[in-house]
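Single-letter residue listing:
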Amino acid sequence: MKILTTARKTLITYGSALTLGLTAALASAPAAAAEESFTWKVQSHWPGSSSSYEDSLVRLKTILEERTDGRLELELYEAGSLFKAKEIFNAVSRGILEMGTISPAYAQDKITLAGIASGLPFAFRNVWEAAYFHQGLGFEQMLRDEAAKHNVYWATDKVYPTEMVVKQPIDSWEDFTKLKIRSSGALQSFLTDAGAAASYIPGSELYSALDSGIVDGAHWGASQGAFSMGLYEVAKYHVQPALNIAGTDVIIVSQKALDKLPEDMQNIVKQALEEQFWFRTNEYQYKERITLAKAISEHNVQVNTLPEDVQNRLTQTAQTLWDEEGKRSDNAQKALDMLKDYLSELGYL
């Protein structure tokens, strides 16, 4: 009996200890969960009205929050809310912002491949060619390695065509050289060298600049960008072929912020960014087609195909610009050589 009593006391003691232990563990669980929750400030270069703000950035926010069970929350700020577009890269590099979206053109002073990433004019003729250059031939990794030197994780959002809208049709070389065009990055240099007057204007000021006649034409993506920004209200001519096809939008992440995440969350972020490239590249092509059709039917927009002689002159100017981009660094020359070899294989050079 004494042995049974002792055993019973021992079991009660162990039971009490287990109960206390479980109670303590349950009490500490919310605290542990709270320690693994993160909120990232995300500054976009897209105005809230831009199609990519919703289709790219809000999409990414939803996916990351779902896949991390709410442990990673993205706090979104549209263009100009915290920083100017050209300041976003530095803010992410310094860890002031955990994430941002930019055009490579806004980081030209840091990334020597930025001009090629922005899209060398009149290089690719199809979206799949640019996608394969990034992901199949290794250009995306070259960009990522260069950005890593500035504590930034680089992920191209999508590749897509950049096409102009103009207020008056371009029917001759003289028409082209009279144009005042809103542009940025390598395309700004290209259009200026070709004879037009190209200048940079932030997206938030673009509509008023076009409406008031400060510029005669502009590019903001292609038909989706123009439609979402209301540009077809004042510019009725959509110019083709594309000025370029490139990874003109990029998602950048502070490496410092990424390193703070648990390993599983780091993998979720990187996987989501890889998926984003392919999903948005394909979705963008589909939406381009239906958006241009909508612009034609609802806003009486006309497609302005550049005359052959204008295209030939622009191509000649473009190839001179390609060589200038290669001079920016050994890395840029390596990327340019890779691009030229690729275009030769495709039969374009």
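Residues numbered from 1 in each chain as written. Predicted model: local features only at pLDDT ≥ 70, side-chain atom pairs only at ≥ 80, totals over all residues. Heavy atoms only, no water.

1. Some details on the pairing of strand β9 (residues 237-240)
1) Next: As defined by bridge partners, strand β5 (residues 164-166) adjoins β9 across two bridges and the pair is classed as antiparallel. From the neighbouring strand, Val165 faces β9, where its bridge partner is His238. (Pairing = 2+ DSSP bridges. Helix = DSSP H or I, 4+ residues; strand = E, 2+ residues; numbered from the N terminus.)

2. Quick look at the nonpolar core
1) Next: Core analysis: the largest hydrophobic core is formed by 63 residues, its most contacted members being Ile102, Ile111, Phe139, Trp154, Phe176, Ile252 and Leu314.
2) Next: If one sorts the elements of this core by residue count, helix α14 (residues 330-345) sits on top with six residues.
3) Next: Those residues in contact with Trp154 that lie beyond four places of it in its chain are Phe89, Ile102, Pro104, Ile111, Glu140, Leu143, Arg144, Ala147, Val250, Ile251 and Ile252.
4) Next: Counting residues in each nonpolar core, the second largest holds 41 residues, with Leu57, Leu74, Ala226 and Leu261 among its members. (Core = buried A, V, L, I, M, F, W, Y, C linked by side-chain atoms within 4.5 Å. Buried < 20%, exposed > 50% of the residue type's maximum accessible area, 1.4 Å probe, protein only. Contact = heavy atoms within 4.5 Å.)

3. Structural notes on the confidence of the model for the protein
In low-pLDDT regions, the fine details of the predicted coordinates are not to be read closely.
1) Next: Looking at the protein as a whole, its pLDDT mean stands at 90, while 90% of the residues score no less than 70.
2) Next: The low-confidence segment residues 1-33 (pLDDT under 50) makes zero contacts with residues lying over four places distant or belonging to another chain. (pLDDT = per-residue confidence, 0-100.)

4. What to know about the side chain of Ser184
1) Next: By the secondary structure assignment, Ser184 is in the loop between β6 (180-182) and α8 (185-194).
2) Next: Given the relative accessible area of 13%, Ser184 is considered buried.
3) Next: If near-sequence neighbours (up to four positions away) are discounted, Ser184 is found in contact with Ala105, Tyr200 and His219.

5. As for the sheet that holds strand β11 (residues 302-305)
Strand pairing within a sheet occurs via backbone hydrogen bonds; the two strands may be parallel or antiparallel.
1) Next: With mixed pairing, six strands are arranged side by side in an open sheet as β7-β6-β8-β5-β9-β11. The two strands at the open ends of the sheet, each matched to only one other strand, are β7 (197-199) and β11. Each adjacent strand pair in this sheet contributes to an overall mean axis angle of 30°, direction not counted.
2) Next: Inspection of the sheet shows β6 paired to strand β8 (residues 217-219) by two bridges, in the parallel sense. By the bridge assignment for β8, Arg182 is matched with Ala218.
3) Next: The strands that α8 touches are β6, β7 and β8; relative to β7, the one it contacts most, it runs at about 160°. (Axes fitted to C-alpha atoms, helices over the stretch in contact; angles between N-to-C directions.)

6. Description of the packing of helix α5 (residues 127-135) against α14
1) Next: Viewed as axis vectors pointing N to C, α5 and α14 meet at an angle of 135°, and their least axial separation amounts to 12 Å. Our classification of the angle between α5 and α14 gives oblique. Of the two possible hands of crossing, α5 and α14 adopt the one that is right-handed. Contacts between α5 and α14 involve Trp128, Glu129, Tyr132 and Phe133 from the former and Ala335, Met338, Leu339 and Tyr342 from the latter.
2) Next: Split into classes, the residues belonging to the contact of α5 with α14 amount to seven nonpolar, no polar and one charged. (Parallel < 35°, antiparallel > 145°, perpendicular 65-115°, else oblique. Left-handed = near helix turned anticlockwise from the far one by under 90°. Nonpolar A, V, L, I, M, F, W, Y, C, P; charged D, E, K, R; others polar.)

7. Thoughts on helix α6 (residues 139-148)
1) Next: A large share of α6 lies buried, amounting to seven of its 10 residues.
2) Next: Of the positions making up α6, those classed as buried are Phe139, Glu140, Met142, Leu143, Arg144, Glu146 and Ala147.

8. Thoughts on α8
1) Next: Turning to α8, its buried residues are Gly185, Ala186, Leu187, Phe190, Leu191 and Ala194.
2) Next: Downstream of α8 by one or two residues, Gly195 has phi in the positive range, about 125°.

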